[in-house]
Amino acid sequence: MTELLANDAAGIARATGLLLAGQLVAFGTETVYGLGADATNARAVAAVFDAKGRPHFNPLICHYPDANAAFADVEAPELARHLAAAFWPGPLTLVLPRRITCKVALLAGAGLETLAVRVPAHATALALLRAVGRPVAAPSANRSGQVSPTTAAHVLEGLGGRIAAVLDSGPCPVGVESTVLDLTGRRPFLLRPGGATREAIEAVAGPIECGVTQAAAPATRTLRSPGLLVSHYAPALPVRLAATDVAADEALLAFGPPLIGAGAIFQLGATGDLIEAAANLFSGLRALDAEAARLGLRRIAVMPIPETGLGLAINDRLQRAAAPR
Ligand code: TXA
Ligand code: MG
């Protein structure tokens, strides 16, 4: 049963408690309803992907109550600070390098060195973010492939029974997702058109490069292309999938009872729990990569992961990691 929480102090307090306990809570923003999770809790973030039924891991946007909180997690050059001053709170998401001290789970950023951050222009959302006191990762609160929800009823249609609660703050005024602007390259790059227009951004930032046109991204459709523009983390070592044996010069990414004989082991999930495996995936790949380099191992062998639930997204990422480069 998904709780429907009222837009008052008690509703916000209940939503806060659930989020801090690692539960999923959908909440309204000025753009669309987000499916929120404590971004520092890898298991909660994995549960977001599970609830959405995404067949692959997209990096998620982290939400903050103000620019200071956001810029504590990412490095913000002067341009980012200017854009934040002009647009926040508001429907602009900035992609910036993670700080070393950033506690956001690697899975929230799909293993990337960068993080998408935003401050929503919505009183209830800001009150919730202030009360939680941690970054809240929130993709649009719809099942994968369905349109983004702009009312609590939309959220319940898609995710009812799959998430702990919806904080009902009424319809979303903007109704289209935030604009995603990547500031990690030489020039600002528009990854996804949205609530903040290109013209308004260029008035502050000067000319920006553009991945997709406004016309190609109708407000009523799920925007698919941005995910394709994102370059994903892959380990330095070659990856061998569906391993049923392992050699002494291989590092093993184990799932369930581990194979014997590996030079190093990282356990994704001893009991075969796919949510736990997803939560551990990127930190596991990084740990094995580093350990294998230290020990002079030549490959990462990966035990079979079932093609059910989050196993699809895990296998999608592992297949990319194993593809010839
Ligand atoms: O309006 C919004 O942005 C809504 C509300 C809930 O805030 N959220 C939303 O999140 O639309 P989501 O996960 O559905 O979309 C996130 C977009 C994706 O297109 C993703 O590829 C991009 O942001 N993104 C996130 N992190 C990124 C990163 N580190 N690098 C590049 N793109 C990133
Ligand atoms: Mg979405």
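For the structure, see preceding data.
Please read all numbers here as calculations on a predicted model, not as lab measurements.

A. Fine view of the pairing of strand 13 (residues 250-254). Among the five residues of strand 13, five are classified as buried, and the element is accordingly described as predominantly covered. In strand 13, alternate side chains face the same way, and those of E250, L252 and A254 on one face and A251 and L253 on the other are all buried. With four bridges connecting them, strand 13 and strand 14 (residues 264-267) associate as parallel partners. In the strand pairing of strand 14, A254 is matched with Q267.

B. Structural view of unusual backbone geometry. A cis geometry characterises the amide bond from W88 onward to P89, with omega recorded as -5 degrees. Assignment of secondary structure puts P89 in the loop between helix 4 (78-87) and strand 5 (92-97). In the Ramachandran plot, A110 falls in the positive-phi region, its phi being about 50 degrees despite a non-glycine side chain. Counting through the fold element by element, A110 comes out in the loop between strand 5 and strand 6 (114-118). Exposure remark for A110: the relative accessible area of 0% places this residue in the buried category. You will see that A242, though not glycine, has its phi angle at about 50 degrees, which is positive. Along the polypeptide, A242 turns up in the loop between strand 12 (239-240) and strand 13.

C. Quick peek at the site of ligand 1. Contacts to ligand 1 come from 25 residues, most closely from T31, H63, R118, S178 and R192. H63 places a side-chain nitrogen or oxygen 2.7 Å from an oxygen atom of ligand 1. At 2.9 Å, a side-chain N or O of R192 approaches an oxygen atom of ligand 1. Its free accessible area being 680 Å², ligand 1 has 97% of it covered by the protein chains. Looking at side-chain class alone, the shell around ligand 1 contains 14 nonpolar, seven polar and four charged residues.

Definitions and cut-offs
- Residues numbered from 1 in each chain as written.
- Chains lettered and ligands numbered in written order.
- Predicted model: local features only at pLDDT ≥ 70, side-chain atom pairs only at ≥ 80, totals over all residues.
- Heavy atoms only, no water.
- Buried < 20%, exposed > 50% of the residue type's maximum accessible area, 1.4 Å probe, protein only.
- Helix = DSSP H or I, 4+ residues; strand = E, 2+ residues; numbered from the N terminus.
- Pairing = 2+ DSSP bridges.
- Near = heavy atom within 4 Å.
- Polar contact = N/O pair within 3.5 Å; in protein donor to acceptor, adjacent residues only side chain to side chain.
- Areas by Shrake-Rupley, 256 points an atom, 1.4 Å probe, with all protein chains shown as cover.
- Nonpolar A, V, L, I, M, F, W, Y, C, P; charged D, E, K, R; others polar.

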